[in-house]
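# Close look at the chain arrangement
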Amino acid sequence: MILRTTLRLPALIVCFSILSCTSQRSYRSTVVHDTSMHSRYDDTTLSVENDDILMPYNRFIDPAGTVIRFGKATMENHSLDCALLPGDTVLAVEDRYGLALVDGTSNTLLYHLDYPAAYAGMMSTYSGIKVWKEADSIHIFWGAANPTTKRSVLFDAVWDGKKATILRVFPFDAVLPAPMALPNDLAIRSENGINYLYVVLNGNSQLKKIRLKDQAVIWTAQTGMAPFGVTIANEQVYVTNWAGPVPVDTTRETAGIPYARVYIDPRTGATASGSVSVFNVTDGKLAIELPVGLHPNAIITSPDRRFVYVSNGNSDMISVIDARKNEVIDSISVRLNSGVRSFIGDSPNALAIDSSGTRLFVANGMDNAIAVLDLGKNASTAGRGNSRLAGFIPTEAYPSGIALSRDRLFVANLEGEGARAGEKGKYSSHQQEATVSIIPLPDDNLLRDYTKRVEKANMVFRGKISQLSPRPGVTPKPVPERIGEPSVFKHVVYIIKENKTYDQIYGDMPQGDGMNSLCIFGESVTPNQHRLSKDFLLLDNYYASGKSSAEGHQWTDAAMVSDYVEKNVRAWFRSYPHVQEDALVYNKEGFIWNNALDHGKTVRIYGEACVPKWKGNTNWMDIYQLYKDKKTFEFENITTISRVKPIMSPTYPCYDGPKINDQLRADAFLKELKEYEAMPGDQWPQLVILALPADHTAGMRAGYPTPRAMVADNDLALGRIFEAISKSRFWDSTAVFVTEDDSQSGWDHVSGYRTTGLVLSPYSRLQTTVHVNYNQTCMVRTIEQILGIPPMNAIDATALPMFACFTGKFNNRPYTPLPNNIALDEMNKSPTALTGHAKRFALLSATPQFDHIDKGDDDLLNRILWFSVKGDEKYPKHMTLPLRLRKDDDD
């Protein structure tokens, strides 16, 4: 473990730090300075201090109290949940890789329990850590699972004041079609002198009652779909169900999630309901299933057991259940933003209540804050009047667990400060510390001050600007100042590529803030990206909002991630949503395409939100040969979102692996573009979305091109696609936006989030470097601003439109692509033809961990890509990774 101090200690030494409001800054925060006339998007009171942390989605980190950071420096660490031990001074923290014990008085890490060798590969599940005192022993319970072996267990560890030791393990078998049982939240109580454990199995959609002394299962009950939280009141067990009831109504639209089918909203494809199942404690019989908000997660009771509170992660409100009547009697909003339209995007996901039963604390994940509710007479025995939102307390990023003592609030921050744990000047998207906040409970005056800090850190003022009404008679502009005012553009093309940092591609460009030593796919490999950046503009302060493709495609398509994504991040137990095929993943408002369709815009999707079904067992070279021979390759694009089907190109291959070269995709797009040109009038869709993914690469795996060949393939396809657009009759009224979905698979000297972006249009030939801080949600917001459609959520509502990327000068000179310098069929060599590190990396590239997108060890893939281009040149990361294989593997 490493805990950060202001002095950076060697990576393998255990150290510790306490920071009240200070933190290391790892990339430039010049967000608020836009040299254009649109300074109203810059709050003059919003200063950027040296110690501020800017997340890559329009949020500052400005935490209250004391922040404790820990975790192995080489890993992506996350704090998931927390619970106080008896005495209220020691905090047990469930993190992704084990259990941390923190002394809240001295602010020291007392111990970290790593998963032992017998449970290697285990990761803690979503939340649900519980403490139970039995005789003189303190027990800590929490769930874990292994995404590779599909093994699921519940751990019981005992704490002796110095060390935590695993005492017992409760195994759980998966029930088909679920591949994993996934134990999550739990409750423990004594009944007639016998101790019982109640545990929800998120994968199995089950609730189990277990006798602790002999681990005997008393009963098993079928819950709703994907249960999450559990609590007990009045001899009844209450369970939240992420996806609502078991679907039995054939008149309602359903869609598959990896483990089952659920009711969905046909507008977005997202889950359409959430529920609470109520069971009898004696026999496990279902008493009633109550409808609540969307994606219900945390659930707790009032101190007198009269009320049950449920946080609804996709509805941004708290449901209040009367436990005597089993009725939902109140709904309390926890939304931070306000105005003409109240945007979704607060993501409440954890709860705590004070001893009086009148003040409820809610972890608003996407607000990076704790919402404080004063409970009224409908929600508390001691409450008066109506429940009200009293204010907000700032935390680090994505608070996901709360523990409450008499005078302090303890918060597990799932995202902490984000991916900033690397060595200064060498950052990767998967190096991150786990963090915990310890915050003295504020009085009313301090809570008002905290609320102002939260509003400022969340740039609420920009959300209000996004709701200004359009003015009549305004002259068309490339990017209108207000949504609904005219743009010079009729069409937007949005191209989404895969997994690169800025320095990997543009580190060799002296025009921007690059580090040439980290550049492995420079101008010789990506001549078109370089030429376009020179001819139009270079964005050297542009960021991906997530750390992997599963996060990245939610940010690019929806401009936010849901609570489901955050709870699964790094472990990806249920699904890895690099393509949109899991209804649980999506937020309430869905995606940019349904936003456009909802507002009367025409849309065409090429390869996004779908997977290909191959017809025949062809490999990469077979398919490439068909391409060269101008022959047909047979496949079928499959989408689980009904609204995508009619707007999806059937001839443009979707992406679920590296078998397809991007030239095939470019050909399919060019063919359709010519067909649109031949139609009378202007029938080309107003929003065109393309997935262009070959730059993901396949490492050094035999049977596939080298990494630089696959990146060159992607670059050539981009050049050809843009050439066709720039030579079409639609070019005068078209803006093209290009982004990577995320920044993993490489290094960057400014930030692990920094990536490549392009803005191409007849009004964007600036031939300069734009230093304004933009991110993926800014790109989505700019597309919305051009199309005249409103933001989808609180994140894109507070994004800065990319005004600085456009000019009033019109230059529609077409683009001629540069040829590839690397043969597109430059193939990786067979391991039998290699020796040393080359052979090892080739063999490692072919291991099962890399059979699926982004499933393998991230640092290993980074090393493989680095070696494929740089050979034995020193790898940027100062750490040791064993490269030796067992002799039989080497053979």
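Residues numbered from 1 in each chain as written. Predicted model: local features only at pLDDT ≥ 70, side-chain atom pairs only at ≥ 80, totals over all residues. Heavy atoms only, no water.

### What to know about the overall build of the protein chain
When helices and strands are counted, the protein chain shows 15 helices and 45 strands. Projected onto its principal axes, the C-alpha positions of the protein chain cover 80 × 75 × 60 Å. In the protein chain, which comprises 891 residues, the share counted as buried stands at 65%. A separation threshold of at least 6 residues defines the contact pool for the protein chain, and within that pool the share at least 24 residues apart is 66%. Taken as two groups, the 93 positive and 100 negative side-chain charges of the protein chain have centres that lie 1 Å from each other. (Helix = DSSP H or I, 4+ residues; strand = E, 2+ residues; numbered from the N terminus. Buried < 20%, exposed > 50% of the residue type's maximum accessible area, 1.4 Å probe, protein only. Contact = heavy atoms within 4.5 Å. Lys, Arg positive; Asp, Glu negative; His and termini not counted. Charge placed at Lys NZ, Arg CZ, Asp CG, Glu CD.)

### Concerning the packing of aromatic side chains
Applying the stated criterion to the full structure yields 33 aromatic pairs. The interplanar angle of 80° and the centroid separation of 6.3 Å between the aromatic rings of Trp866 and Tyr875 together place this pair among those described as edge-to-face. For the pair Trp866 and Tyr875, a shared accessibility class is recorded, and that class is buried. Three or more aromatic residues joined by ring pairs make a cluster, and in this case those are Tyr126, Phe228, Trp242, Tyr564 and Phe573. Of note, Lys209 hangs over the ring of Tyr196, and the distance from its end group to the ring centre comes to 4.4 Å. (Phe/Tyr/Trp six-rings, centres within 6.5 Å; stacked < 30°, edge-to-face > 60°. Lys NZ or Arg CZ within 6 Å of the ring centre and 35° of its normal.)

### A closer look at the packing of helix H9 (residues 662–678) against helix H10 (residues 707–726)
Interaxial distance between H9 and H10 falls to 8 Å at its minimum, and their mutual angle equals 10°. Judged by the inter-axis angle, H9 sits roughly parallel to H10. Residue-level inspection shows Asp662, Gln663, Ala666, Asp667, Phe669, Leu670 and Leu673 of H9 in contact with H10, the latter providing Asp713, Asn714, Leu716, Ala717, Arg720, Ile721, Ala724 and Ile725. Grouping the amino acids of the contact of H9 with H10 by side-chain chemistry returns nine nonpolar, two polar and four charged. (Axes fitted to C-alpha atoms, helices over the stretch in contact; angles between N-to-C directions. Parallel < 35°, antiparallel > 145°, perpendicular 65-115°, else oblique. Nonpolar A, V, L, I, M, F, W, Y, C, P; charged D, E, K, R; others polar.)

### Brief notes about helix H4 (residues 527–535)
Along an α-helix, a turn takes 3.6 residues, which lines up residues three or four apart on a common side. With seven of its nine residues buried, H4 lies for the most part within the structure. Listed in full, the buried residues belonging to H4 are Pro527, Asn528, Gln529, His530, Leu532, Ser533 and Asp535.

### As for the packing of helix H5 (residues 549–558) against helix H11 (residues 776–787)
For the pair H5 and H11, the least separation of the axes is 8 Å and the interaxial angle reads 25°. Put simply, H5 runs roughly parallel to H11. Touching Gly552, Trp555 and Thr556 of H5 are Gln776, Thr777 and Val780, all from H11. Considered class by class, the residues forming the contact of H5 with H11 number two nonpolar, four polar and no charged.

### Structural notes on the state of the cysteines
Under the counting rule described, the total for this entry stands at one disulfide. The disulfide bridge from Cys610 ends at Cys654, spanning 1.8 Å between sulfur atoms. On the sign convention where negative means left-handed, the S-S torsion of about -90° between Cys610 and Cys654 marks this disulfide as left-handed. Taken together, the residues Cys610 in the loop between strand E38 (603–606) and strand E39 (611–614) and Cys654 in the loop between strand E40 (635–638) and H9 connect sequence positions 44 residues apart. (Disulfide = S-S within 2.5 Å.)

### A closer look at the pattern of salt bridges
Evaluation of the coordinates by the stated rule reveals 40 salt bridges. The salt bridge partner of Glu415 is Lys547, with a shortest N-O separation of 3.1 Å. Here the residue Glu415 occupies a position in strand E33 (residues 408–416), and Lys547 occupies one in the loop between strand E37 (542–543) and H5, the gap between them amounting to 132 residues. The same class applies to Glu415 as to Lys547, namely buried. Between Glu672 and Arg604 there is a salt bridge, with its nearest N and O atoms 2.9 Å apart. Taken together, the residues Glu672 in helix H9 and Arg604 in strand E38 connect sequence positions 68 residues apart. (Salt bridge = Lys/Arg side-chain N within 4 Å of Asp/Glu carboxyl O.)

### What to know about the sheet that holds strand E16 (residues 206–211)
Pairing is antiparallel in the open sheet, where four strands are placed in the order E14-E15-E16-E17. Only two strands of the sheet have a single neighbouring strand rather than two, namely strand E14 (183–191) and strand E17 (216–222). On average, adjacent strands in this sheet sit at an angle of 20° to one another, irrespective of strand direction. Bridge count between E16 and E17: six bridges; the pairing is antiparallel. (Pairing = 2+ DSSP bridges.)

### Thoughts on the sheet that holds strand E41 (residues 687–691)
Here we have five strands laid out as an open sheet, ordered E38-E41-E35-E42-E43, and mixed in their pairing. Only two strands of the sheet have a single neighbouring strand rather than two, namely E38 and strand E43 (757–760). When the angles between neighbouring strand axes are averaged without regard to direction, this sheet yields 10°. The sheet contact formed by strand E35 (residues 491–497) and E41 spans five bridges and is parallel. When the sheet's bridge partners are listed, Val493 is paired in E41 with Val688. On top of the sheet, H11 reaches E35, E41, strand E42 (734–740) and E43; it is set at about 165° to E42, its chief contact.

### Things to note about the nonpolar core
The biggest cluster of nonpolar side chains holds 102 residues, and the ones touching the most others in it are Leu539, Ile592, Trp593, Leu687, Phe737, Tyr774 and Met802. By residue number, the principal contributor to this core is H11, which donates six residues. When near neighbours in sequence (up to four residues on either side) are disregarded, Trp593 contacts Asp557, Gln580, Val603, Ile605, Glu608, Ala609, Ile641, Val644, Ile647, Leu687 and Ile689. With 70 residues, the next largest nonpolar core counts Phe521, Ala666, Phe730 and Phe850 among its residues. (Core = buried A, V, L, I, M, F, W, Y, C linked by side-chain atoms within 4.5 Å.)

### Quick look at the environment of Ile520
In this structure, Ile520 sits in the loop between helix H3 (502–506) and H4. Sequence separation between Ile520 and Arg781 is 261 residues, and the spatial gap between their C-alpha atoms is 31 Å.

### Some words on the pairing of E40
The alternating pattern of E40 places Phe635 and Asn637 on a buried face, while none of Glu636 and Ile638, on the opposite face, is buried. Relative to E40, E39 runs antiparallel, the two being bridged by four bridges. Paired with Pro612 across the strands is Asn637, a residue of E40.

### Quick word on the confidence of the model for the protein chain
Model confidence for the protein chain is summarised by a mean pLDDT of 91, while 92% of its residues fall at 70 or above. Across residues 44–50 the pLDDT falls below 50, and counting only partners more than four positions away or on other chains, this stretch makes 14 contacts in the model. Here residues 878–891 scores under 50 on pLDDT; set against residues more than four positions off or in separate chains, the count is 18 contacts. (pLDDT = per-residue confidence, 0-100.)

### Comments concerning the side chain of Arg574
Structurally, the position occupied by Arg574 is in the loop between helix H6 (563–568) and helix H7 (592–598). Among the polar contacts listed, one links the side chain of Arg574 to the side chain of Asn202, at a separation of 2.7 Å. Excluding residues within four positions of it along the chain, Arg574 makes contact with Tyr126, Leu182, Asn202, Gly203, Ala226, Trp242, Ile257, Pro258, Tyr259, Tyr564, Asn568 and Leu584. (Polar contact = N/O pair within 3.5 Å; in protein donor to acceptor, adjacent residues only side chain to side chain.)

### Observations regarding the side chain of Glu94
Tracing the chain through its elements places Glu94 in strand E6 (residues 90–95). Those residues within four positions of Glu94 in sequence are excluded, and the remaining contacts are His78, Ser79, Leu80, Asp81, Leu99, Ser124, Thr125, Ser127, Gly128, Ile129, Trp142 and Gly143.

### Observations regarding the pairing of E6
One face of the sheet, then the other: side chains in a regular strand alternate in exactly this way. Summarising burial for E6: six of the six residues are buried, a large majority. Judged from the five bridges that link them, strand E5 (residues 79–84) and E6 form a sheet pairing that is antiparallel. Bridged to Ser79 within E6 is Asp95. Where E5 folds back onto E6 in an antiparallel hairpin, the turn is made up of five residues, including Gly87, whose phi is positive at roughly 105°. Across six bridges, E6 lies against strand E7 (residues 98–103) in antiparallel orientation.

### Regarding helix H1 (residues 444–457)
Look at H1: 20 Å from first C-alpha to last across 14 residues, which is about the 20 Å you get at 1.5 Å a residue. Buried within H1 are the following residues: Leu447, Tyr450, Thr451, Val454 and Ala457. Projected onto a plane normal to the axis of H1, the buried residues spread over an arc of 130° and lie on a single side. Looking at the buried positions of H1, the neighbouring elements they touch are strand E3 (59–61), strand E29 (359–364), strand E30 (369–374), strand E31 (388–394) and strand E34 (434–440). The N-terminus of H1 is capped by Asp443, whose side-chain oxygen sits 3.2 Å from the backbone nitrogen of Asn445. (Expected span 1.5 Å × (residues − 1). Arc of directions from axis to C-beta.)

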